[in-house]
Amino acid sequence: NSEKSHTESSVKEAAMRIVEKCRGLVVADFGPRNVERLLSFLEIARATGRELAILPKDAYLLDVMRMAQSDQSVPALSEPGFRIYWEYQSSENAWRKLLRDQYSYFGVTPSDVAANQDKFICCFSFWDINELAYIKPVPDSVWIYSSCEAFDEEMAITGERLDNWLKHYNVRREGRLHKEEQEGDPLHVSGHASQADLLEIVRTIRPKTLIPVHTEHPEIYIQSVSDICQVRVPEEGVPMEL
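Residues numbered from 1 in each chain as written. Predicted model: local features only at pLDDT ≥ 70, side-chain atom pairs only at ≥ 80, totals over all residues. Heavy atoms only, no water.

Undergrad: Where do I start with the environment of Leu 99 in this structure?
TA: Within the fold, Leu 99 resides in helix 4 (residues 94-102). A C-alpha to C-alpha distance of 7.6 Å links Leu 99 and Pro 56, two positions 43 residues apart in sequence. For Leu 99, the contacting residues outside a window of four places in its chain are Pro 56, Ala 59, Tyr 60, Leu 77, Ile 84, Trp 86 and Ser 104. (Helix = DSSP H or I, 4+ residues; strand = E, 2+ residues; numbered from the N terminus. Contact = heavy atoms within 4.5 Å.)

This is the structure in structure tokens:
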């Protein structure tokens with residue numbers, strides 16, 4: 001029943017405004033396979049005089065994705081603005097050694113970032129929160145949560161833990177993490193179409209029968225498109241003959 005239809009451009013514009021005002025460390029929290037979001041933050045980094053520091057596992061994934069994409073829609077790690085953030089580790093496995101040998105010339109360490117926090121956007125998630133202990137974020141640092149809000153109990157618990165750690169390090173969070181929070185500037189675009197888009201799809205296809213499945217509001221279809229097709233709403237435990 002969403003009436004809004006944000007785009008990746010609106011996410012980039014909202015994030016740009018936050019980064020432009022930030023005088024400390026910027027952390028961008030989004031899914032590593034979301035290449036469009038990564039490109040948005042890469043462009044933001046370039047426009048604000050920063051560099052985008054990604055973790056080795058994400059760099060390795062991007063490298064493999066680029067090799068698999070014939071249209072080269074995945075950015076090359078050699079492009080300006082990328083850095084690989086090498087976490088402190090006691091040992092390295094084969095893929096990390098391979099990556100370090102290939103891209104050793106633009107790696108950064110936690111101490112490098114700690115000494116130049118206004119020069120980086122670090123791509124971390126909750127599972128990388130330990131890195132803040134090494135970086136020691138300066139005042140006016142921000143964590144941009146650019147992913148979907150917590151929609152189940154486990155994600156809600158993780159969200160509370162993230163907020164507690166950010167409070168401990170005095171890092172401000174931007175972005176809607178909890179479902180009960182008000183939506184401000186869009187910092188994430190879901191993969192779901194808006195209500196208007198969904199209804200337009202139905203009107204364009206003009207099916208004989210429509211069965212709403214992945215929705216909490218099947219009545220919207222009955223009200224809106226029952227004049228052009230039969231809307232059959234599933235009932236729990238009741239077989240539906242097709």
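There's plenty left to go through after this.
Undergrad: Which parts of the structure should I look at to understand helix 1 (residues 8-21)?
TA: For the α-helix, the turn length of 3.6 residues means that residues three or four positions removed from each other point alike. Its 14 residues place the ends of helix 1 20 Å apart at the C-alpha level, agreeing with the 20 Å of an ideal helix rising 1.5 Å per residue. Within helix 1, the full set of buried residues consists of Ser 10, Val 11, Ala 14, Ala 15, Met 16, Ile 18 and Val 19. The inward-facing, buried residues of helix 1 contact strand 1 (26-29), helix 2 (35-47), strand 5 (120-123), strand 6 (142-145) and strand 7 (172-174). (Expected span 1.5 Å × (residues − 1). Buried < 20%, exposed > 50% of the residue type's maximum accessible area, 1.4 Å probe, protein only.)

Undergrad: What is the right way to read the pattern of salt bridges from this model?
TA: Side-chain pairing between opposite charges can occur once the charged atoms of the two side chains come close. Counting across every chain of the model gives 11 salt bridges. One salt bridge in this structure joins Arg 37 and Glu 8, with 2.8 Å as the shortest N-O distance. Taken together, the residues span a long stretch of sequence, with Arg 37 in helix 2 and Glu 8 in helix 1 at a distance of 29 residues. Its relative accessible area of 1% is what places Arg 37 among the buried residues. (Salt bridge = Lys/Arg side-chain N within 4 Å of Asp/Glu carboxyl O.)

Undergrad: Teacher, can you tell me more about the sheet that holds strand 7 here?
TA: Working definition: the strands of a sheet are paired by backbone hydrogen bonds and lie parallel or antiparallel to each other. Judged by pairing direction, the sheet is parallel, and its 7 strands sit side by side in the order 4-3-2-5-1-6-7 without closing on themselves. Both edges of this open sheet fall to strand 4 (107-108) and strand 7, since each of them pairs with a single strand only. (Pairing = 2+ DSSP bridges.)

Undergrad: What should I look at first to understand the packing of aromatic side chains in this one?
TA: Geometrically, a pair of aromatic rings is defined through the distance of the ring centres and the angle of the planes. Within this structure, the stated rule accounts for 8 aromatic pairs. Ring plane angle 75° and centroid distance 4.8 Å describe the contact between Phe 126 and Trp 127, whose orientation is recorded as edge-to-face. Relative accessible area serves as the criterion here: at 8%, Phe 126 is assigned to the buried category. Ring pairs connect the aromatic residues Tyr 103, Tyr 105 and Phe 106, which therefore count as one cluster. (Phe/Tyr/Trp six-rings, centres within 6.5 Å; stacked < 30°, edge-to-face > 60°.)

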